[in-house]
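Listed here are the chains, written in short residue letters.
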Amino acid sequence: AQSVSQHNHHVILSEAASLELGCNYSYGGTVNLFWYVQYPGQHLQLLLKYFSGDPLVKGIKGFEAEFIKSKFSFNLRKPSVQWSDTAEYFCAVIAISGGYQKVTFGTGTKLQVIP
Amino acid sequence: DTEVTQTPKHLVMGMTNKKSLKCEQHMGHRAMYWYKQKAKKPPELMFVYSYEKLSINESVPSRFSPECPNSSLLNLHLHALQPEDSALYLCASSQANGVPYGYTFGSGTRLTVV
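The present account deals with the structure reproduced in this document. Quantities reported herein were computed from a predicted structural model and do not represent experimental measurements. (Residues numbered from 1 in each chain as written. Chains lettered and ligands numbered in written order. Predicted model: local features only at pLDDT ≥ 70, side-chain atom pairs only at ≥ 80, totals over all residues. Heavy atoms only, no water.)

Here we come to the overall build of chain A. For chain A, the helix and strand inventory stands at 0 helices and 12 strands. In chain A, the succession of α and β elements from N to C terminus is β-β-β-β-β-β-β-β-β-β-β-β. Summarising its shape, the C-alpha atoms of chain A cover approximately 45 × 30 × 25 Å along the three principal directions. Per-residue burial over chain A gives 49% buried out of 115 residues. Surface accessibility of chain A: about 5300 Å² in total, with carbon and sulfur atoms responsible for 53%. Distance between charge centres in chain A, computed from 9 positive and 7 negative side chains, equals 7 Å. (Helix = DSSP H or I, 4+ residues; strand = E, 2+ residues; numbered from the N terminus. Buried < 20%, exposed > 50% of the residue type's maximum accessible area, 1.4 Å probe, protein only. Areas by Shrake-Rupley, 256 points an atom, 1.4 Å probe, with all protein chains shown as cover. Lys, Arg positive; Asp, Glu negative; His and termini not counted. Charge placed at Lys NZ, Arg CZ, Asp CG, Glu CD.)

This next bit is on the packing of aromatic side chains. Residue and element names in this part refer to chain B. Tallying each qualifying case throughout the model produces 17 aromatic pairs over all chains. Between Tyr35 and Phe105 the ring centres are 5.2 Å apart and the planes differ by 55°, which places this aromatic pair in the tilted class. Within this pair, whereas Tyr35 is found in strand E4 (residues 31-37), its partner Phe105 is found in strand E10 (residues 104-105), the two being separated by 70 residues in sequence. Taking the relative accessible area as the measure of exposure, Tyr35 reaches 0% and is therefore buried. Here Phe105 falls in the buried class, since its relative accessible area comes to 11%. Judged by centre distance (5.8 Å) and plane angle (35°), the rings of Phe64 and Tyr89 are tilted. Pair noted here: Phe64 is in strand E7 (residues 64-70) and Tyr89 is in strand E9 (residues 87-94), with a separation of 25 residues, a long-range link. A relative accessible area of 5% places Phe64 in the buried class. (Phe/Tyr/Trp six-rings, centres within 6.5 Å; stacked < 30°, edge-to-face > 60°.)

Once that is clear, we can look at the pattern of salt bridges. Evaluated as defined, the whole model comprises 8 salt bridges over all chains. When the shortest N-O distance is used, the salt bridge between Glu52 of chain B and Arg30 of chain B registers 2.9 Å. One end of the pair, Glu52 of chain B, is in the loop between strand E5 (44-50) and strand E6 (53-57); the other, Arg30 of chain B, is in the loop between strand E3 (18-25) and E4, and 22 residues separate them in sequence. Connected through shared salt-bridge partners, Lys58, Glu64, Glu66 and Arg77 of chain A make up one network. (Salt bridge = Lys/Arg side-chain N within 4 Å of Asp/Glu carboxyl O.)

Right, here's the structure in full:
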């Protein structure tokens, strides 16, 4: 069975600081990884996804993530955060089974950006 | 159309009421999902439908009853809910097989049980 660990539960940064959120996964099959963001009171939005190819993936709003197979990691990064990045961030792994695709989410990291 | 549409966006219901949540997609996806998300927690899978057949029921209480009337629609029928069932209910759809390029979540229905 697949699992996802997000070690940082709550991160507080000042505006313009750099961000790195950790994500480690456990899955024996082909790895498909997502990062989602959820702003307060809102629904999930896809930030970026990795299926194959270039391990450095660029997403929306200046976010990027690097897939490091040897470390089973898919960390999310942003060079300079803004107050509007305050949100909950979820890493997820997708397992493809017979006829469906099962998403397993990490526990989430709450990012608070201080102006 | 690349969206999953959920209605209603908000629902308040009493513990004796019967209501239904609706989910619709027109991307040709043959797998559809219901998730439940409590505040400050990740979404948790409830049900999976593949080719209009129930594939996974994650031990969900029978007061939640899913239905997939056709390949574009997914319903969640609610009856005799408890206040602890208050949550954001998310629908998602995807291809049944292959790389999950198009895995898509709806905006959710925020349910309050009073």
